[in-house]
Protein chains: 2
Amino acid sequence: MTDRPNVLWIMADQLRFDYLSCYGHPHLHTPHIDALAARGVRFSNAYVQSPVCGPSRMSAYTGRYMRSHGSTWNGMPLRVGEPTLGDHLREAGARAVLVGKTHMRADLEGMAWLGIDPDSEIGVRRAECGFEPFERDDGLHPDSARQGWSAYDDYLVSHGFESDNPWEDFANSGLDADGELMSAWLLKNSRLAANVPEEHSETAYMTNRAMDFMESAAEDGRPWLCHLSYIKPHWPYIVPAPYHDMYDERHIVDPVRSVAERGDEHPLLGAYRNGRVCQTFARDEVRKHVIPAYMGLIKQLDDNLGRLFAWMDEKGLSENTIIAFASDHGDYMGDHWMGEKDFYHEMAVKVPMILADPRPEADPSRGSTCDALVEMIDLAPTFMTALGAEAKPHVIEGRDLTPILHGAGNINRRYAISEYDYHWSEMAEALGVAQEDARTTMIFDGRWKYVRCEGFDPILFDLESDPQELVDLGRSDARDHVAVRARMDAALLKWATQHHTRITATPDVLAGQKLAAEEGILIGFWDEAEFEAHTGFAFSDLTPKGRP
Amino acid sequence: MTDRPNVLWIMADQLRFDYLSCYGHPHLHTPHIDALAARGVRFSNAYVQSPVCGPSRMSAYTGRYMRSHGSTWNGMPLRVGEPTLGDHLREAGARAVLVGKTHMRADLEGMAWLGIDPDSEIGVRRAECGFEPFERDDGLHPDSARQGWSAYDDYLVSHGFESDNPWEDFANSGLDADGELMSAWLLKNSRLAANVPEEHSETAYMTNRAMDFMESAAEDGRPWLCHLSYIKPHWPYIVPAPYHDMYDERHIVDPVRSVAERGDEHPLLGAYRNGRVCQTFARDEVRKHVIPAYMGLIKQLDDNLGRLFAWMDEKGLSENTIIAFASDHGDYMGDHWMGEKDFYHEMAVKVPMILADPRPEADPSRGSTCDALVEMIDLAPTFMTALGAEAKPHVIEGRDLTPILHGAGNINRRYAISEYDYHWSEMAEALGVAQEDARTTMIFDGRWKYVRCEGFDPILFDLESDPQELVDLGRSDARDHVAVRARMDAALLKWATQHHTRITATPDVLAGQKLAAEEGILIGFWDEAEFEAHTGFAFSDLTPKGRP
């Protein structure tokens, strides 16, 4: 154990903020995550920087907005020169270790161009957003295609689950009444039990891998951040027994939607809803099959976290490990007649976020709820502070949440921002939007949620009068709404023109950049007298630098 | 000679657009530059992306706006992962070679973090904005401090100009009537002849070095771009005989300024004008001493270019070398009661730009003037086309000017944009502006020049009714002006939210990013029938990827 805490940063994938009991779900009880909240701070207004895996994660791993890191879509490499949380922690002598998913693809072109061997230690880290992948050959392989052969496939085979595609045949399929394999890629099969015992499921496997890491880290001695990044409850939606039939129609919360939403709707929302995936999730039969499986996956995750936390208690790790829990974005699940997560309604862009710091400094905040506007990019600087890394305000765009954790202050963020690049989508095709224009930006002040849509009218929701976000005021002529939209455009312009690539000069360096006469930059002096009057020393006293 | 042309890219430093006879100066005759214009295209509306050396050059060398490359001030390293013109040309088998100034400082931190040795071939290039420095040990040393010992100092010593600080004592000083050395750091000495024969001056030296490079390149055989980057007519303002007394008060054009400019002026302009340098250059005696020297430096540059072009003719290089001439920004020279160049009036932000392509394709445009709005960042893609490099629209933000050169089209740029970071300045200190807010952005549509000033009112000039930019309409209540400002803010917002860091995915890669069922991403299919109806093939025909 070092004098610095460790950090266990747990990420769930596609977990809505409101599908946890501590966030108010009436039927889904998640006692272990709730207990984490009870010993930490639960953030009730945490927003991701893009409502889709890849860019949201790249923001999380860099502490920077999507407009800054530039990895705007899944599988779009984070540029090789982009600084990451891992880089900052390593500078402070700490490790940043990955157990699970990052959704990163390596910037092989960038590496080639800088002469970096992708198989070198630096190359491997760059290929994993700056993380050191845990047991690269045995753990999740950083180069595995999403549907390709993974270490988990090896694991399944080694435990007797023999197949040419074990993940698909065991983890992602169920058996029908005739014992036929039914794939969970088809939603009608969501309520079957996955064809794998729970203890060999992906979630259990990843939990075990985190334990393996923590055991190995004890020998190493350096403080660490472990990013335990679960693939679930992301689709495919199927869960092993007994979780597959814990929930049924009685536990499904009514969809958030109104008939009036469809009709004179914004072209982008209309095009999204007309896409196949939204059409599917708007159907009641789909919700009835998928939501119970989704709930089961979350319940299973909670139980595995319970197992992990108990193990950490037993190993004496809990007392010195800050635990963070978050999700990379939500899931519409039919709300607003939508599926997936590619827009900014609360269930898509707002995520659960819990931070539990075992140290006495955090006692004042224990069990509290923080309603401040926070962003996913705030985690990186918070972890940097915990692990003793230097603050990097010229690089990191998030805010350090430590004052909140220590009951010593708040952050006064006026706006949360999220961005989305839809160049790839059916929606772009349907609307004939060019690659370079297929973007939206959300800015939210805690009441007004404004979405700038390049080439289209904006979208505006008033969460005070319309907490369910059913009424788009983006084209309203009401004076209030016009004024709010103007204010939001001005705030966006201020944000968008901020220095966000000025990453090679620290505030101290910037402060030192005066054109000082002492340094031989002598602009605009007429004569010796003027020089001396201004500088306080004689021109003849200037020392030439001379030969090296 | 290869089948591709070479490119000689000449850059002057701090050369105003209107101090050349082909741009209309009544007394300063620059026949060699004029002749270049006569065999090429002269751009009458060329704008730099920042009115100061460092960031303007980093934009030139990357083809990207300042907001994108992030090197916002002199000496602020271009981040190690930022792609440059040199990188793109090397991919096409061409060389990008530096002879002269880049104002680059190496991103040593970035290199360390990626394991790049600054002394390696890649490290050296990264330290020079992607250029291969010509004769690194003998030419201008990439690591030399601005006032430090340079290769030119060595050159002076080797030619008998012995001193502990030869640049200062010979190139930058004159002799008074008593034979005393008088430094040109003091403006009162500007009209003395520099204490060095013209043929050993910095400008002549750099010209010779370009010839040395071209001779050596013939043996190499690869096509090349040579960036011949002169330090002059940048301060210190002093020039060798006979140029030191070619011009006098009779040749000084009246200053562009009005008494009304001072008074109820914009706080930023007021603070800038109250700074020492502007106070100095607003004085008539300063203009009377400095402008003749500045004109002499330009005349000397023109003569050296004449010498260079004649040599290239003689060596048979002219017929296969595209020649570009530009400047990194202008110089107020007392106009608008200002010195230096740190704002956006025409004499600061507009630069001369001439492109002469010897190939027959360019015959239609020869000797023409192009009034289109062009930007300094347009040169990089133009050179890339000339040298056969792949277009990189996901990286390069400038526009290829080849269609203009070949008389085959125009570019329809609606707005030219320039940015400025004044964190370092007296102005920021006087106004109490924080580092992160010390920025302005100019957007110009050919008539209206609008400057967004973070934390202050905007500035607006109407160049149609007020071509001298004497009347700031930034706070005018006139309906027209209010509407123009709103339009400019909207255009800036569109520009600022553009993807400008999405540099790891080409348009082809982006176009391929569909969530295709064929690739195993199967979101939102209810059953086999739906799958087949949508994809055209049976779900059972999906081939698992299987083991590697």
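Refer to the structure printed above.
These numbers come from a predicted model, not from an experiment.

Rules behind the numbers
- Once a new chain begins, its residue numbering starts again from 1 and follows that chain's sequence as written.
- Labels are handed out in written order, letters beginning with A for the chains and numbers beginning with 1 for the ligands.
- Given that the model is predicted, a residue must reach a pLDDT of at least 70 before its local features are reported, and side-chain atom pairs must reach 80 or more before they are shown or counted; all residues, however, enter totals for whole chains, interfaces and linings.
- Values reported for side chains reflect all heavy atoms of the structure, with hydrogen atoms and water molecules removed beforehand.
- Strand pairing requires that DSSP identify at least two bridges connecting the strands.
- In this text, helices come from DSSP runs of H or I with a minimum length of four residues, and strands from runs of E with a minimum of two, each type numbered from the N-terminal end.
- To obtain an axis, a line is fitted to C-alpha atoms, over the contacting stretch when the element is a helix, and the angle between two such axes runs from 0 to 180 degrees between their N-to-C directions.
- In what follows, residue pairs with any heavy atoms lying within 4.5 Å of each other are defined as contacts.
- Here is the rule: rings of Phe, Tyr and Trp (six-membered ring for Trp) pair when centre to centre is within 6.5 Å. Planes less than 30 degrees apart are stacked, more than 60 are edge-to-face, and the remainder are tilted.
- The classification of residues rests on relative accessible area computed with a 1.4 Å probe and restricted to protein chains. Under 20% of the type maximum is buried, over 50% is exposed, and intermediate values are partly exposed.
- The rule is short: NZ of Lys or CZ of Arg within 6 Å of the ring centre and within 35 degrees of the ring normal puts a charge over the ring.
- The term polar contact refers here to a pair of N or O atoms within 3.5 Å; inside protein, the definition further demands a hydrogen-donor-capable atom paired with an acceptor-capable atom, and it admits residues adjacent in sequence only when both atoms are side-chain atoms.
- Here the copies were fitted onto each other by least squares, based on C-alpha atoms from residues at pLDDT of at least 70 in both.
- By definition, a salt bridge exists where a carboxyl oxygen of Asp or Glu is found within 4 Å of a side-chain nitrogen of Lys or Arg.

## What to know about the sheet that holds strand β14 (residues 448-453) of chain B
Residue and element names in this part refer to chain B.
Stage number 1. The four strands are arranged β12-β13-β14-β15 in an open sheet whose pairing can be described as antiparallel. Each edge of the open sheet is held by one strand with a lone partner, namely β12 (416-421) and β15 (459-462). Averaged over all pairs of adjacent strands, the angle between their axes in this sheet comes to 10°, without regard to strand direction.
Stage number 2. When β14 meets β15, the two strands line up antiparallel, connected through four bridges. The residue bridging K449 from the neighbouring strand is F461, located in β15.
Stage number 3. Relative to β14, helix α17 (residues 479-497) is tilted by about 65°, and along the sheet it contacts β12, β13 (439-444), β14 and β15.

## Brief notes about the sheet that holds strand β12 (residues 416-421) of chain A
Sheet strands associate in pairs through backbone hydrogen bonding, adopting either a parallel or an antiparallel arrangement.
Residues and elements named next belong to chain A.
Stage number 1. With antiparallel pairing, four strands are arranged side by side in an open sheet as β12-β13-β14-β15. A strand with exactly one partner marks an edge of an open sheet, and here the two such strands are β12 and β15 (459-462). The average angle at which neighbouring strand axes cross in this sheet is 10°, direction not considered.
Stage number 2. Lying over the sheet, helix α17 (residues 479-496) contacts β12, β13 (439-444), β14 (448-453) and β15, oriented at roughly 65° with respect to β14.

## Brief notes about the packing of aromatic side chains
Working definition: an aromatic ring pair is given by the centre-to-centre distance plus the angle between the planes.
Stage number 1. What the rule picks out here adds up to 46 aromatic pairs over all chains.
Stage number 2. Here the aromatic rings of B:W73 and B:W424 are separated by 4.3 Å at their centres, their planes lie at 20°, and the arrangement is stacked. Of the two residues, B:W73 is situated in the loop between α3 (66-69) and α4 (85-91) and B:W424 in the loop between β12 and α16 (426-431); the sequence distance between them amounts to 351 residues.
Stage number 3. Accessibility expressed as a relative area gives 12% for B:W424, which makes it buried.
Stage number 4. An aromatic cluster of at least three residues, connected via ring pairs, comprises A:W9, A:Y61, A:F131 and A:F383.
Stage number 5. B:K449 extends its terminal NZ or CZ atom over the ring of B:F444, reaching a point 5.4 Å from the ring centre.

## As for the side chain of A:D378
Residues and elements named next belong to chain A.
Stage number 1. Locating D378 in the fold gives a position in the loop between β11 (374-375) and α14 (379-386).
Stage number 2. Within the local environment of D378, its side chain forms a polar contact with the side chain of R413, the two groups lying 2.7 Å apart.
Stage number 3. Dropping the residues within four chain positions of it, D378 is found in contact with G398, R399, L401, I411 and R413.

## Overview of the relation of the copies chain B and chain A
Stage number 1. Aligned on chain A, chain B shows an RMSD of 0.0 Å; the corresponding rotation is 180° and the shift along the axis is 0.0 Å. The transformation relating the two chain copies, once decomposed into turn and shift, fits a two-fold axis. Taking C-alpha positions as the reference, the residue of chain B nearest the rotation axis is B:G81, at 2.1 Å.

## Quick word on the pattern of salt bridges
Residues and elements named next belong to chain A.
Stage number 1. Per the stated rule, a full pass over the model turns up 83 salt bridges over all chains.
Stage number 2. Measuring nitrogen to oxygen at the nearest pair gives 2.9 Å for the salt bridge that ties R57 to D328. Of this pair, R57 sits in helix α2 (residues 53-62) while D328 sits in the loop between β8 (321-327) and α13 (346-349), placing them 271 residues apart in sequence.
Stage number 3. Accessibility expressed as a relative area gives 0% for R57, which makes it buried.
Stage number 4. A salt bridge links R413 to D378, with the shortest nitrogen-to-oxygen separation between them at 2.7 Å. With R413 in the loop between α15 (402-405) and β12 and D378 in the loop between β11 and α14, this pair connects stretches of sequence that are 35 residues apart. Comparing R413 with D378 shows no difference in burial state: the two are buried.

The quantities given are spatial measurements derived from coordinates; they are silent on function.
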